[in-house]
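# Residue-level structure breakdown
Spelled out from the first residue to the last, the chains are:
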Amino acid sequence: MKTNYLLAAILCCLTPLLHAQTALSGKVVSADTNEPLAGVNIRVDNSLTGCTTNGKGEFTIDNLPDGQHTLRFSYIGFTPKKYTADGQEENILVKLEESYSNLSQVVVTGTSTHRPHDRQPRSRIRNHSQRNRQRQRIYAGRSAGEADAQYLFLHQRHGHYHEPERHQRGLHTDIGKRLRRLAGEDRYTRINVANIKRIEILNGAASALYGSDAIGGVINIITDDARNTVNVSSYTHYSGEGRLTESVNADVNAGKFASYTSYQRRQAGSWQNNNIDENGYETGRPTSVGFYSNTVNQRFVFNATDKLSFYARGTYYDNKTRRPQDATYYAKSKGQFVQKDAYTYNLKHETYTYGAGMKYMINRSAYIDAEFYSDNFSSDYMYFKKSGNYLPGDRVTRKQVRYYNGNIKGIFRLGSRNKLSAGVEYVNEGLESESDNIDSRHMYTLAFYAQDEIKLPLNLQAVLGIRYIYNENFKNYATPNVSLMYKLGGLNLRAAYAAGFRTPTLSQLYATDESKTSNRYTTATRLEA
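Residues numbered from 1 in each chain as written. Predicted model: local features only at pLDDT ≥ 70, side-chain atom pairs only at ≥ 80, totals over all residues. Heavy atoms only, no water.

## Points about the overall build of the protein
This is how the line gets drawn: The helix and strand labels rest on DSSP assignments: H or I over at least four residues marks a helix, E over at least two residues marks a strand, and numbering proceeds from the N terminus. Accessible area is worked out with a 1.4 Å probe on protein chains only. A residue is then buried under 20% of its type maximum, exposed over 50%, and partly exposed in between. It only takes one pair of heavy atoms within 4.5 Å for two residues to be counted as in contact. For accessible areas, the Shrake-Rupley method is used with a probe of radius 1.4 Å. Any residue's cover is judged against the shown protein chains and nothing else.
Scanning the protein from terminus to terminus reveals 5 helices and 29 strands. Every one of the 529 residues in the protein was classed for burial, and the buried ones make up 47%. In the protein, of all internal contacts separated by at least 6 residues, the share reaching a separation of at least 24 is 60%. With an accessible surface of roughly 25800 Å², the protein has 52% of that area assigned to carbon and sulfur atoms.

## Section: the side chain of S378
Take S378: it is sitting in strand β22 (residues 366–383). Apart from the residues within four sequence positions on either side, S378 is in contact with K348, H349, E350, K399 and Q400.

## Focus: the nonpolar core
In a soluble, globular protein the nonpolar side chains are often hidden away together inside. Selection rule: Nonpolar cores are built from buried Ala, Val, Leu, Ile, Met, Phe, Trp, Tyr and Cys residues. Side-chain atoms within 4.5 Å join them into one set.
If you look at the biggest cluster of nonpolar residues, it comprises 17 residues, and the most contacted ones within it are V28, I42, F59, I61, L71, F73 and L96. Residues I438, M443, L506 and L509 belong to the second largest nonpolar core, which totals 7 residues.

## Some thoughts on the pattern of salt bridges
Rules: Salt bridges are defined by distance alone: a side-chain nitrogen of Lys or Arg within 4 Å of a carboxyl oxygen of Asp or Glu.
A complete count under the given rule lists 7 salt bridges for this structure. We note a salt bridge from E371 to R313, for which the minimum N-O separation is 3.2 Å. Taken together, the residues E371 in strand β22 and R313 in strand β18 (residues 308–322) connect sequence positions 58 residues apart. By relative accessible area, which is 8% here, E371 ends up buried.

## A word on the environment of Q267
Let me state the cut-off plainly: Between N or O atoms, a polar contact is any pair within 3.5 Å; within protein, one atom must be a potential hydrogen donor and the other a potential acceptor, and residues adjacent in sequence are included only when both atoms are from side chains.
Checked against the element boundaries, Q267 lands in strand β16 (residues 257–268). In sequence terms Q267 and L244 are 23 residues apart; their C-alpha atoms lie 5.3 Å from each other. Within polar-contact distance, the side chain of Q267 engages the side chain of R265 at 2.9 Å.

## Looking at the sheet that holds strand β5 (residues 68–74)
Strand pairing in a sheet relies on backbone hydrogen bonds, with the paired strands running either antiparallel or parallel. What counts here: At least two DSSP bridges between two strands are required for those strands to pair. Axis definition: a line fitted to C-alpha atoms, limited for helices to the stretch in contact. Angles are taken between N-to-C directions and run from 0 to 180 degrees.
Pairing within the open sheet is antiparallel, and its 4 strands lie in the order β3-β2-β5-β6. Edge positions in the sheet fall to β3 (50–52) and β6 (81–86), since each has one partner strand and no second. The sheet shows a mean angle of 20° between the axes of neighbouring strands, taken without regard to direction. Where β5 lies against β6, 6 bridges are found, and the strand directions are antiparallel. Its bridge partner being in β6, T70 is matched across the sheet by T84.

## Some details on the confidence of the model for the protein
Counted only if it meets this: Predictor confidence is given residue by residue as pLDDT, running from a minimum of 0 to a maximum of 100.
Per-residue confidence for the protein averages 76 on the pLDDT scale, and 70% of its residues sit at or above 70. When the criterion is pLDDT under 50, residues 13–18 qualifies, and its contacts beyond four places in sequence or with other chains add up to 3 contacts. This model gives residues 128–183 a pLDDT under 50, and the stretch forms 206 contacts once residues within four places in sequence are excluded.

## A few points about the packing of aromatic side chains
The geometry of an aromatic ring pair is captured by two quantities: the separation of the ring centres and the angle between the planes. Going by this rule: Aromatic pairing here means that ring centres of Phe, Tyr or Trp (its six-membered ring) are within 6.5 Å. Orientation follows from the plane angle: under 30 degrees is stacked, over 60 is edge-to-face, and everything else is tilted. Two conditions define a charge sitting above a ring: the NZ of Lys or the CZ of Arg must be within 6 Å of the ring centre, and it must be within 35 degrees of the ring normal.
All chains considered together, the criterion is met by 15 aromatic pairs. Look at Y352 and Y354: their rings are 6.4 Å apart centre to centre, the planes differ by 15°, and that puts the pair in the stacked class. Ring plane angle 10° and centroid distance 4.7 Å describe the contact between Y477 and F501, whose orientation is recorded as stacked. Linking Y477 in strand β27 (residues 475–488) with F501 in strand β28 (residues 491–502), this pair joins segments that are 24 residues apart in sequence. A relative accessible area of 27% places Y477 in the partly exposed class. For F501, a relative accessible area of 10% puts it in the buried group. Three or more aromatic residues link up through ring pairs in this structure, and these residues are Y345, Y381, Y383 and Y390. Geometry around Y329 places R285 over its ring, the cationic atom sitting 3.8 Å from the centre.

## Here's the deal with a positive patch on the surface
Just so we agree on the cut-off: Patch members must show over 30% relative accessible area and no salt bridge, and they are joined within 9 Å when carrying like charges or within 5 Å when they are nonpolar side chains of Val, Leu, Ile, Met, Phe, Trp or Tyr. Think of it this way: Lys and Arg go in the positive column, Asp and Glu in the negative one, and His and the chain ends go nowhere. A charge is said to be at NZ when it belongs to Lys, at CZ for Arg, at CG for Asp and at CD for Glu.
The grouping of R364, R413, R417 and K455 at the surface amounts to a positive patch. If you trace the backbone, R417 turns up in the loop between β23 (395–414) and β24 (418–433). Classification of R417 by relative accessible area gives partly exposed; the value is 45%.

Structure follows, in structure tokens:
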């Protein structure tokens, strides 16, 4: 009897997945030239399902339930268009007309929903597409830290992260989805620019949803999905001083299942501008120290239904300096310049990340998003010469950081005038340092947040939000977020106010990111904009 009940329960759970499925396929071309358009965004209304066109402008959307579906097509430089399909259809032909005003591009807002530029209560959105990046001659294999700091406000290092650099001008970096205070010091160069589809900059208060890091706005870096069933690409760039960048991407998109794999190798040799220092002595210290790095990214996606999707992802990254072991320089000692070894060790950074999440659209008015993510960073001194008590071959842990983030968010449409976003976020950090004699340290932060987008009479729109934060060391604080827009014809007037409460990371708290000084400890900071 128990077995029969169990089988019945399993069948009930599987029934929605076994429902008749509908597939839609077709082609998108330019209305003026009939040339196929590659990379057109296609969304299915009231569904999580979507895709982009391949190099021939073709698309296929599977895994849709029977019934009528509305497809929305958007492409930078063209007027958005929608198409309604009754049941399964093949050979759908959509012609997009080029737009020269380009005022209503569809963008992802801070609530992970789509809305046109001119309906966004916050400040102006800058959309930095692949086409614009190509005009500015950003090489596909270069790191995001090297690529156009004007738009990214990123000045160095690696991908998906932020921390001190991440907060430039009060903007919060969002890689594809939402941003995080991640472990480690190598952040921006982990991003493979060859995979970036577009970059969106949303100025204005967003601290309720994202915390004080977004007090001035959000940067969305949206990576591209596979446009073909199987897509393999490679990019190689070599220049002087042994600088090499090699990027390889392999994507598979097979119906409900998709896999995205990328590998990037970067390396460079050491070089000097001049071998004479400011005191007139010969120096072996290079202007730029050689290094190598490897980055492997893997993401799996499973679309169980058009309303339920799961994903898992992971990254491995390593970076090691290649300092010249025989380099010397002259340093002043007791009034005289004495020749010394320039370097006694190399630095090695390693990071591995993993995460998983799900998206579920309950109905056309309710959407749930849940995610867990972990970033694990270590930095070591690799000695090749004797230094103090350390001998050649010794490996000393400079610091080891563990970061865990869990987030559950819901978006609910309350009638025709309100859209409520609410959620909870939990962060746990860990730190160890052998060189700084720091035993295992831990700190957690819990945050509850809510934000309401309201359509008011008299052409007014408002965003009201609040974020409550409890930190293990710095206790609790609540910060507001308010935006208001008045629309009069083609004129938009906006105003915004936001406050943020940012606690230091453990690395900042124990100053492992800074040189040793008498004032090593930091405190929580309140921000306003």
